[in-house]
Amino acid sequence: MGSLQLRSVRKSFGATEVLHDIDLDVADGEFVIFVGPSGCGKSTLLRIIAGLEDSSGGEVLIDGQKVDNVPPAKRGIAMVFQTYALYPHLTVKDNMALGLRQAKTPTEEIETRVAAASNMLSLDDYLKRRPAQLSGGQRQRVAIGRAIVREPKLFLFDEPLSNLDAALRVNTRLEIARLHRELKATMIYVTHDQVEAMTLADKIVVMNAGRIEQIGSPMELYNNPANLFVAGFIGSPQMNFLPAEALGFAGAKTIGVRPEHLNLSPEKGDWKGKVVHVEHLGADTNIYVETEKADTITVRTFGEVHQAPDSVLFVSADPKHVYRFDEAGKVIR
Amino acid sequence: MSKATHSPARSIAAHAVLLTYTLIALFPVFVIVINSFKSRKAIFSSPLGLPGPETFSLIGYETVMKRGDFPLYFQNSLIVTVVSLFFVLLFGAMAAFALSEYRFKGNTLMGLYLALGIMIPIRLGTVAILQIMVASGLVNTLTALILVYTAQALPLSIFILSEFMRTVSDDLKNAGRIDGLSEYKIFFTLVLPLVRPAMATVAVFTMIPIWNDLWFPLIIAPSEATKTVTLGAQMFIGQFQTDWNGVLSALALAIVPVLVLYLIFSRQLIRGITSGAVK
């Protein structure tokens, strides 16, 4: 019902190239997340898929059809924006119905679709209100409802949770996950938050500086990052990167160990160091240790761990979980 | 306002300054209005005196009603002002939308070109305008005035409106595009309502100079049928003798319509001037 192919899509604004030869296959029903730091081109790519921006080269295919010259409204897509982008002069119901009315859908059909969407998102009580009379979370639900009623081949989400507060963000995240299960629709979602990417995606596309760094399932990216960038971007707290030579690892430039794969011991271990700072998160405790041979290392311990600043500790890494990277930042397998 | 940031002394000082300015600004209007209700002798013997039982006279208004066709002049002025205003707002907003919304070659140059008119007074081109109007047979028509005034007000309106249009959310316009709205529909139903305060600001700034203008009616449309109020009032001013009652009454009457239009726009105007300062 909704697949997407990108064939060496490029985009440049004047002389600056913001997307370099992007190739991507999204299968029907997949939940794909573009993740990357701001300015990496992920939103531009989404806008090219939506048809809001022209590409400078390459092809976009939706369901096998080339859509490069098809206007956004005819591509069979629906989009949810970061700023909700509801029509301020229309009621919730009319906001949801507008796209269908433009497409000359019969009135009864519009009624049933809007009713189904508002039921699914518990918006029944608000149908007569205008966007100004709704809270942020409700507005975003209306925006999602507006996308659902179009029954698109492709759902596009542009950082939909960024404007919501923390509690609401978790709720809406669950809601989007539930929608994906219920609708079995293809969804493409852009975010800079790796937690959203890890929790929602079937497939994550990590982007940096206009290129795709790696594509894979959340656990693939966590367990087998292809390079320094992906290793550093996925996982929180960030992976520790240490100079290989100083620590006596041959044949690599940098080694990487995730904070959760390090052990602390007061007597013996690989690297001796001094506690700089301790963060208590409740379930976890993050300990920052300044080692003699390398820089500061973050160690994530589980449960409540008490360490006084300045106390001397030994940090050792589980050899199974040590990643080695070459000069160019590629992982050595 | 919070008490912490506002001392009574300061607010009294601020009000004193504002009241002084208001008095200075309103004084000429006040003088015109009171003198329009006085006899000719009283105007000269005590120009600042209020009309009393002895000095009160409606002779000026009677002259205005009798001589010349003032209802027609008012109608002409209103037609010219309202129609010019409509075109200025329509074309100004459309041009501003194009300049702020679309990326095309020469966008910046076009914006600069359109803004150039703010710096060059249109009266410099009077001779050329008159030649054009003569050649196209538009002399002594309201159309000529409307065309000139529209051209005169467009640069500033484009300049102001394009700044405001840039503040309209891109996401909103894109949502409209995805829902299949045409660019015209996006412009008229999504963007225009959001820049309404700016439109009101432009309307007021445009309307007053047009209503008050004497130059162009005198030059390109002086015929009896196309006279505007300001031009009509001139017939009471002669080389040797001026009918001050007539002049003052005509001017007092001319204030009324512009005041009404101003009141219509002013509610929006206050929002227009202050918006952008704080979100």
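(A) Representation of the overall build of chain A within the structure. The helix and strand inventory of chain A stands at nine helices and 19 strands. Split into buried and exposed, the 333 residues of chain A put 39% on the buried side. Put simply, 62% of the contacts in chain A that link residues at least 6 apart link residues at least 24 apart.

(B) Representation of the overall build of chain B in the model. When you go through chain B residue by residue, the secondary structure sums to 13 helices and zero strands. When the helices and strands of chain B are listed from N to C terminus, the series reads α-α-α-α-α-α-α-α-α-α-α-α-α. Within the span of chain B, comprising 279 residues, buried residues form 32% of the whole. At a minimum sequence separation of 6, the contacts of chain B that also span at least 24 residues come to 76%.

(C) Local environment of the domain arrangement of chain B. Residues and elements named next belong to chain B. What the domain assignment reports for chain B is domain 1 (1-57) and domain 2 (69-274). Between domain 1 and domain 2, the C-alpha centre-to-centre distance is 30 Å. Listed per partner, the contact involves seven residues of domain 1 and seven residues of domain 2. Counting only elements with at least two residues in the side of domain 1 that touches domain 2, the list comes to α1 (8-36) and α2 (40-45). With five residues, α1 is the largest single contributor of residues to the side of domain 1 that touches domain 2. A breakdown of the residues in the side of domain 1 that touches domain 2 according to their chemical character gives four nonpolar, two polar and one charged.

(D) Seen up close, the interface of chain A and chain B. Between chain A and chain B, the residue contacts involve 17 residues of the former and 12 residues of the latter. Looking at the side of chain A that touches chain B, the elements with two or more residues in it are β6 (77-80) and α2 (92-102) of chain A. Its residues assigned to classes, the side of chain A that touches chain B shows 12 nonpolar, five polar and no charged.

(E) Spotlight on the confidence of the model for chain B. Residue and element names in this part refer to chain B. Of all residues in chain B, 95% have pLDDT values of 70 or greater, and the mean over the chain is 87. Confidence scores differ between elements of chain B, with helix α13 (residues 244-274) showing the lowest mean pLDDT of 79 and helix α6 (residues 126-135) the highest of 94. pLDDT under 50 marks residues 275-279. Its contacts with residues more than four places away, or in other chains, come to one contact.

(F) Examining the sheet that holds strand β2 (residues 16-26) of chain A more closely. Residues and elements named next belong to chain A. An order of β2-β1-β4-β5 is seen for the four strands of this open sheet, with the pairing classed as antiparallel. Looking at strand neighbours, the two that pair on one side only are β2 and β5 (65-66), the edges of this open sheet. With two bridges connecting them, strand β4 (residues 57-62) and β5 associate as antiparallel partners. When the sheet's bridge partners are listed, L61 is paired in β5 with K66.

(G) Geometry of helix α8 (residues 170-178) of chain B. The set of residues buried in α8 of chain B consists of K173, N174, A175, G176 and I178 of chain B. Where the residues of α8 of chain B are buried, they touch α1 (42-50) and β6 of chain A together with α9 (183-194) of chain B. Positive phi appears at G180 of chain B, one or two residues downstream of α8 of chain B, with a value of about 90 degrees.

(H) Inspection of the sheet that holds strand β18 (residues 322-325) of chain A at higher detail. Residues and elements named next belong to chain A. Strands sit in the order β11-β12-β18-β19 across an open sheet of four strands; the sheet is antiparallel. Every interior strand has two partners, whereas the edge strands, β11 (240-243) and β19 (331-332), have only one. Bridge count between β18 and β19: two bridges; the pairing is antiparallel. Along β19, the bridge assignment pairs F325 with V331.

(I) The pairing of strand β15 (residues 284-291) of chain A, seen in detail. All names here are of chain A. Across seven bridges, the pairing between strand β14 (residues 271-280) and β15 is antiparallel. Within β15, the position partnered with V278 by the bridge is I287. Here β14 folds back onto β15 in antiparallel fashion, the turn holding three residues, of which G282 has a positive phi close to 100 degrees. In the sheet, β15 pairs with strand β16 (residues 296-302) via seven bridges, with the strands oriented antiparallel. Within the sheet, the bridge partner assigned to T285 lies in β16 and is T301.

(J) Structural context of the environment of V299 of chain A. All names here are of chain A. Checked against the element boundaries, V299 lands in strand β16. V299 gets classed as buried once you count the C-beta atoms within 10 Å, which come to 26. Residues V299 and E260 lie 39 residues apart in sequence; the distance between their C-alpha atoms is 6.4 Å.

(K) Just unusual backbone geometry, in detail. All names here are of chain A. The residue after S236, namely P237, is reached through a cis peptide bond having omega -5 degrees. The topology assignment puts P237 in the loop between α8 (228-233) and β11. A positive phi is found at D63, a non-glycine position, where the angle reads about 55 degrees. Note that D63 resides in the loop between β4 and β5. On the basis of neighbour counts, which here come to 16 C-beta atoms within 10 Å, the residue D63 falls in the partly exposed class. Its identity as a non-glycine residue notwithstanding, D310 has a phi of 80 degrees, on the positive side. Take D310: it is sitting in the loop between β16 and β17 (312-317). Among the residues examined, D310 registers 9 C-beta atoms within 10 Å and is labelled exposed.

About the cut-offs
- Residues numbered from 1 in each chain as written.
- Chains lettered and ligands numbered in written order.
- Predicted model: local features only at pLDDT ≥ 70, side-chain atom pairs only at ≥ 80, totals over all residues.
- Helix = DSSP H or I, 4+ residues; strand = E, 2+ residues; numbered from the N terminus.
- Buried ≥ 20, exposed ≤ 12 C-beta atoms within 10 Å, placed from the backbone.
- Contact = placed C-beta atoms within 7 Å.
- Domains from an automatic or database assignment.
- Nonpolar A, V, L, I, M, F, W, Y, C, P; charged D, E, K, R; others polar.
- pLDDT = per-residue confidence, 0-100.
- Pairing = 2+ DSSP bridges.

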